[in-house]
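Coordinate analysis (summary)
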Amino acid sequence: RVSPFQNNVNAHTTYTSPNVTRNSMTDQRRTGTQTPDPRKVDHLRRRLKYFFMNPYEKFHARGQKPWKLMLQILKIAITTFQLVSFGLTNEMMVTFKEENLVFFKHLFLKEYRSHEKNYSIFTSTDVYDHIHFIIERYADLQNLTPGSHAYERKDGVYTPLFLCQEFYRSASVTPGNDTFSIDPHLAAALTECLSISPLTPLAGGGPAGAVNFTLHFERLLTVKVHMKVKAINLQRIHRNELPDCYGFSIMVMFDNRAQSGKIKVFLENHVEINVCKEWRVNGSDSHLLLILLFDLVTILVCLMSLSLCVRSVIVGVQLQLFVQIYYGKAVPLADRIEFVKGWCILIIICDLLTIAGSVLKIVIQNKELTNYGICSILLGTATMFAWIGVIRFLGFFLKYNILILTLKAAFSDVVRFSLCAIIIYLSYCFCGWIVLGPHHEYFHSFYKVADCLFSLINGDEVYSSFSKLRQRNYLVWLFSRLYIYTFIFIYAYMILSLFIALITDTYETIKQHQQDGGPVSDLQTFLAECKDLPASGRYNMDEEQSSCLSCMCWDIMLCPPRKFPTPPLKKDML
């Protein structure tokens, strides 16, 4: 097969007679084609070979220092330090939220124990007692809390506690006679609420009389208690950072929708991080200025890395278009991908994410925004891409490059194989959810089934999945055994083994190609004709002509050499 990079090149390597030359010139005028100049072809081949050299070879070829390599190493160190610094701050924020959740459970849930997973009550008297307990604790919050908690206040007025019950609009249930009449639509349910100011003393007369709130247990769905508490995370002062102000929206829900006699109690906590209105921390200005300066240096380094990678991508696209237009043939897709280096695209994305995350981090540290989640995603993803980008430089060495080549060669086969495996996996998920859901806690929902089966693939939760099934129905028990046996056999012994064999076979193929030589592309064949070594000095001569090549590239792109006017022939030529 003739490579598009070799079109009409070999015609200049052999001697041709004047008659043949005259006939070929006449044919070129008739067809409107142009024969490439051998010197330009050699220059282009060396230019392409230099473009695909590693930093070590480029240094020997033209003395070009590996600025991109050094800049990437510096960027990894800076972004990693930035991520660790922000991660410690984020960790304190998460710890503060979790500790407050535990504090609220112990404060508002009567006789709560930390090891309890399902907190429930069973009598109507307990419901009233727990509601009254919550109201008393909320009214005496500032005297009970050992932390910096206080009531929310808007326009000088404290936000009250809201006690709401949701019940069916109409319900008549008589279990003794096996009769009932009920409106099951939740849209028709009624909601009755009572607001209680935190500074209002409670009157005596029992739990129900204290709040003057009667529960309709016959048609009761839920009872919800809403509270709002404010707090400040003063722990960040120890790291010379400005604290954040937190707003906790607490809801205690008594769930009676099952009407089974067991009322489940849940405490949910929705957290809002707000910018403190007035703050002052002595001696923190210099430290904040250093953090700001470090973030600005990170942005500057990323901008330099971004400019170098964008320039490399532009040069690759220019060379690709030049080869394609100059020779008049389409370059294969596999060769075109080689011009646009994938690691450059990865580094460009990494730089953009780092710049965006650093700007958002500066805004957060100045207490203008509190989007910790978005900033964590940007900085975390950018640091991950930065570390992955280092593999490109290790890929210049033959032994370290085998991982990238194996992943690249096996990607398409792995995707097709995984698609078939996912279909089987989903079929087992749906089957286990509908059959074993009523009998096993690991199969109550589709998401729990997916997590349980994934754990079974990795060898976890095998014994508990077998032992926790209720043996009340022999048919279901027998089905569960067949279900788990076949799933483990198919996935643990067959699919995983085939998946490993697929990767191993690709690895052995790549390893064999590195030893004996594998198939080469048209681009590699074209570059192999250039025998000039990096230290030969030929590439320093081409450096002066690089600008001319770029100008010629754009001229050809604007005016491609398709047809040329036929000059008049002289008599001596005839």
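In this report, the structure presented in the accompanying data block is examined. The structure presented is a predicted model; accordingly, all values stated were derived computationally and were not measured.

It is worth spelling out the overall build of the protein at this point. Summing up its helical and strand segments, the protein has 18 helices and 11 strands in all. When each of the 574 residues of the protein is scored for burial, the buried share is 37%. Looking at the protein alone, contacts between residues at least 24 apart form 74% of all its contacts between residues at least 6 apart. Counting every atom, the protein has about 34000 Å² of accessible surface; 62% of that belongs to carbon and sulfur.

Okay, the packing of helix 4 (residues 67-108) against helix 11 (residues 372-394) next. For the pair helix 4 and helix 11, the least separation of the axes is 9 Å and the interaxial angle reads 150°. The orientation of helix 4 with respect to helix 11, classified from their angle, is roughly antiparallel. Relative to helix 11, helix 4 is oriented so that their crossing is left-handed. Counting all contacts with helix 4, which are made through Lys68, Leu69, Gln72, Ile76, Thr79, Thr80, Gln82, Leu83, Phe86, Thr89, Asn90 and Met93, the residues of helix 11 involved are Tyr372, Cys375, Ser376, Leu379, Gly380, Thr383, Ala386, Trp387, Val390 and Phe393. A class-by-class count of the residues in the contact of helix 4 with helix 11 yields 12 nonpolar, nine polar and one charged.

Running from amino to carboxyl end, helix 4 crosses helix 10 (residues 342-365) at an angle of 35°, the nearest separation of the two axes being 12 Å. Handedness of the helix 4/helix 10 crossing: left-handed. For the pair helix 4 and helix 10, the contacting residues are Lys68, Gln72, Lys75, Thr79, Gln82 and Phe86 in the first and Trp343, Ile347, Cys350, Asp351, Thr354, Ser358 and Lys361 in the second. Residue classes in the contact of helix 4 with helix 10 are distributed as four nonpolar, five polar and four charged.

Turning our eyes to something else, we now look at the side chain of aspartate 351. Position of aspartate 351 among the secondary structure elements: in helix 10. Among the residues examined, aspartate 351 registers a relative accessible area of 0% and is labelled buried. Setting aside residues no more than four positions away along its own chain, aspartate 351 makes contact with Lys75, Cys302, Ser305 and Leu306.

The subject of this paragraph is the packing of aromatic side chains. Summed over the entire model, instances satisfying the criterion amount to 24 aromatic pairs. Relative to tyrosine 493, the ring of phenylalanine 489 lies with its centre 6.1 Å away and its plane at 75°, an arrangement referred to as edge-to-face. With phenylalanine 489 and tyrosine 493 both in helix 15 (residues 474-516), this residue pair falls four residues apart, about one helical turn. Residue class for phenylalanine 489 comes out partly exposed when judged on its relative accessible area of 46%. With a relative accessible area of 56%, tyrosine 493 lands in the exposed category.

We now examine the pairing of strand 5 (residues 161-167). Among the seven residues that make up strand 5, five are buried, leaving the element largely enclosed by the rest of the structure. Summarising the sheet, strand 5 and strand 8 (residues 190-196) pair through seven bridges and their orientation is antiparallel. When the bridges of strand 8 are listed, glutamate 166 appears paired with threonine 191. Pairing of strand 5 with strand 9 (residues 220-232), which is carried by six bridges, proceeds in the antiparallel orientation. Following the sheet pairing, glutamate 166 is matched in strand 9 by threonine 222.

Below, the discussion takes up the side chain of asparagine 256. Relative to the helices and strands, asparagine 256 is located in the loop between strand 10 (245-255) and strand 11 (263-274). Using a relative accessible area of 7% as the deciding quantity, one classes asparagine 256 as buried. Among the polar contacts listed, one links the side chain of asparagine 256 to the backbone oxygen of leucine 220, at a separation of 3.3 Å. Sequence-distant contacts of asparagine 256, defined by excluding residues within four places in its chain, comprise Phe217, Leu220, Leu221 and Ile263.

Because the α-helix completes a turn every 3.6 residues, residues three or four places apart line up on one side. In this model, helix 5 (residues 124-139) (16 residues) spans 23 Å end to end at C-alpha, consistent with the 22 Å of a helix rising 1.5 Å per residue. If you check which residues of helix 5 are buried, you get Val127, Tyr128, His130, Ile131, His132, Phe133, Ile134, Ile135 and Tyr138.

This structure, assessed with the given rule, holds one disulfide. Bridging cysteine 164 to cysteine 193, the disulfide has an S-S length of 2.1 Å. Judged by the torsion about the S-S bond (115°), the cysteine 164/cysteine 193 disulfide is right-handed. Taken together, the residues cysteine 164 in strand 5 and cysteine 193 in strand 8 connect sequence positions 29 residues apart. Summary of cysteine pairing: cysteine 302 is not part of a disulfide, and the nearest cysteine sulfur, belonging to cysteine 350, is at 6.5 Å. The buried category is assigned to cysteine 302, whose relative accessible area is 0%. Cysteine 429 forms no disulfide, and the closest cysteine sulfur to it belongs to cysteine 452, at a distance of 9.4 Å. With relative accessibility at 0%, the residue cysteine 429 sits in the buried group.

One non-glycine residue, glutamate 111, lies in the positive phi region at around 55°. In this structure glutamate 111 comes out as exposed when scored by relative accessible area, which is 60%. A positive phi is found at aspartate 155, a non-glycine position, where the angle reads about 55°. Within the secondary structure, aspartate 155 is located in the loop between strand 3 (153-154) and strand 4 (157-158). Judged by relative accessible area, aspartate 155 falls into the exposed class, the value being 82%.

Next up on the list: the pattern of salt bridges. Close approach of charged atoms allows side chains of opposite charge to pair. This structure, assessed with the given rule, holds four salt bridges. Two residues, aspartate 351 and lysine 75, come together in a salt bridge whose shortest N-O distance is 2.6 Å. Taken together, the residues span a long stretch of sequence, with aspartate 351 in helix 10 and lysine 75 in helix 4 at a distance of 276 residues. Here arginine 416 ties to aspartate 413 by a salt bridge, and the two come within 2.5 Å at their closest N and O atoms. Taken together, the positions of arginine 416 and aspartate 413, both in helix 12 (residues 402-436) and three residues apart, correspond to about one turn of that helix.

Rules and cut-offs
Starting from 1, residues in each chain are numbered consecutively following that chain's sequence as written. Restriction of local features to residues with pLDDT of at least 70 applies here, the model being predicted, together with a cutoff of 80 or more for giving and counting side-chain atom pairs; totals for whole chains, interfaces and linings are based on all residues. Only hydrogens and water are removed before side-chain values are computed, so all heavy atoms of the structure are retained for them. Secondary structure elements follow DSSP: runs of H or I no shorter than four residues count as helices, runs of E no shorter than two count as strands, and numbering proceeds from the N terminus. Using a 1.4 Å probe on the protein chains alone, a residue whose accessible area is under 20% of its type maximum counts as buried, one over 50% counts as exposed, and one in between counts as partly exposed. Whether two residues are in contact is decided by their heavy atoms: any pair within 4.5 Å suffices. Method for areas: the Shrake-Rupley scheme with a 1.4 Å probe, in which residue coverage is limited to the protein chains shown. Axes here refer to lines fitted to C-alpha atoms; in helices the fit is confined to the stretch in contact. Angles between the N-to-C directions go from 0 to 180 degrees. Comment on the angle field: the value is read as roughly parallel under 35 degrees, roughly antiparallel over 145, roughly perpendicular from 65 to 115, and oblique elsewhere. In this scheme the crossing of two helices becomes right-handed for a clockwise turn of the near helix relative to the far one and left-handed for an anticlockwise turn of less than a right angle. Classification used: nonpolar for Ala, Val, Leu, Ile, Met, Phe, Trp, Tyr, Cys and Pro, charged for Asp, Glu, Lys and Arg, polar for all others including Gly. Stacked, tilted and edge-to-face are the three classes applied to pairs of Phe, Tyr and Trp rings, where Trp contributes its six-membered ring and a pair requires centres within 6.5 Å; stacked means planes under 30 degrees apart, edge-to-face means over 60, and tilted covers the rest. Any two strands with at least two DSSP bridges between them are considered paired. Counting of polar contacts relies on pairs of N or O atoms within 3.5 Å, with two restrictions inside protein: one atom must be capable of donating a hydrogen and the other of accepting it, and residues adjacent in sequence are counted only when both atoms are side-chain atoms. Residue count minus one, scaled by 1.5 Å, sets the expected span of a helix. Disulfides are defined as cysteine sulfur pairs within 2.5 Å. A pair is scored as a salt bridge if a Lys or Arg side-chain nitrogen falls within 4 Å of a carboxyl oxygen belonging to Asp or Glu.

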